Amino acid sequence: MPYRSCAFALLALVALAGCDQLPDERSEQAQEDVAMIDERAVWRDSGVFELCRSEDEALSLDGCMVDVLHRAKAPDEVIEAVETLSAEGDAGFVSGFRREGLIGVAQVTYPFRPNTNQGTLLVASDGATIDVDRAILSEEDQYRADYSAFLAAHPGVMPFPPASLTRSERLNGGGEQLRFDTALRGCHACEIDGWLSVAYDFDAAGRFLGHQLVEVKWSENATATPSVDVSR
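Cut-offs applied
- Residues numbered from 1 in each chain as written.
- Predicted model: local features only at pLDDT ≥ 70, side-chain atom pairs only at ≥ 80, totals over all residues.
- Heavy atoms only, no water.
- Pairing = 2+ DSSP bridges.
- Helix = DSSP H or I, 4+ residues; strand = E, 2+ residues; numbered from the N terminus.
- Axes fitted to C-alpha atoms, helices over the stretch in contact; angles between N-to-C directions.
- Disulfide = S-S within 2.5 Å.
- Buried < 20%, exposed > 50% of the residue type's maximum accessible area, 1.4 Å probe, protein only.
- Salt bridge = Lys/Arg side-chain N within 4 Å of Asp/Glu carboxyl O.

**Brief notes about the sheet that holds strand 6 (residues 176-185)**
Phase 1 of the analysis: In spatial order, the strands read 5-6-7-8; together these four strands make up an open sheet with antiparallel pairing. Both outer strands of the open sheet, strand 5 (158-170) and strand 8 (208-218), are each paired with one neighbouring strand and no more. Neighbour-to-neighbour, the strand axes of this sheet turn through a mean angle of 25°, independent of strand direction.

And the structure:
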């Protein structure tokens, strides 16, 4: 009996050990399933997509782009990146890529947009992508005193992408912060009245932590910057 009890106890421990490993195995598998955007996703021949302007209208633009890339024998990573962008609701392709520390900075071209055809995606170490031209301001940042003062002085202005990378620095604890400026103006043809400077923070492992408005910059041609309390 004692030997049988020990055997059952040993089997139970083995089973528990196996259960403890399952989440890690699933986590690793999930990371492998992420379509990581990196240098391999870059495609530079934008001319091939001109076919999509005259192709069968029954085929969506993103579907046409994927079809054209297959015909051009593009690498799988290029096609996967197009599919990833399409899932976000916009037909585009990765036209450039570089790294800032552990963070990938992907230049994206949207060939069928009527106005702004360029954009930037930040790629975290776990494959998560952050579009710096979407949801630029949090709800809290929209009510900051400095931003409210700017809007009061420039009625009707709004952020006009694309954003430009202006600064990259290390954070305490080994993280990374990338800052992007987005123009503020009343229309595409209007003069720039100022810029939003937004910081994107990543931890020491390259995982995305969040973003926040750092500063509202006034153009030199705009009214002098007022003294405001920026406490929230």
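Additional details are given in the paragraphs that follow.
**Side note on the state of the cysteines**
Phase 1 of the analysis: The tally for this structure, following the rule as stated, stands at two disulfides.
Phase 2 of the analysis: The disulfide that involves C52 links it to C64, with 2.2 Å between the sulfurs. Residues C52 and C64 are joined through a disulfide that is left-handed, its torsion about the S-S bond being -95°. Here C52 is found in the loop between helix 1 (2-33) and helix 2 (61-71), whereas its partner C64 is found in helix 2, with 12 residues between them in sequence.
Phase 3 of the analysis: Overall, C52 belongs to the buried group, its relative accessible area being 8%.
Phase 4 of the analysis: Indicated for the protein is the disulfide connectivity 1-2, 3-4, based on numbering the bonded cysteines in sequence order.

**Observations regarding the pattern of salt bridges**
Phase 1 of the analysis: Under the defined criterion, the tally for this structure stands at 14 salt bridges.
Phase 2 of the analysis: Among the ionic pairs, R99 bridges to E39, the shortest N-O distance being 3.3 Å. Of this pair, R99 sits in strand 1 (residues 93-100) while E39 sits in the loop between helix 1 and helix 2, placing them 60 residues apart in sequence.
Phase 3 of the analysis: According to the relative accessible area criterion, E39 is partly exposed, its value standing at 45%.
Phase 4 of the analysis: If you follow the salt bridges from partner to partner, you end up with D38, R40 and E77 in one network.

Any functional reading would require information that these geometric values do not contain.
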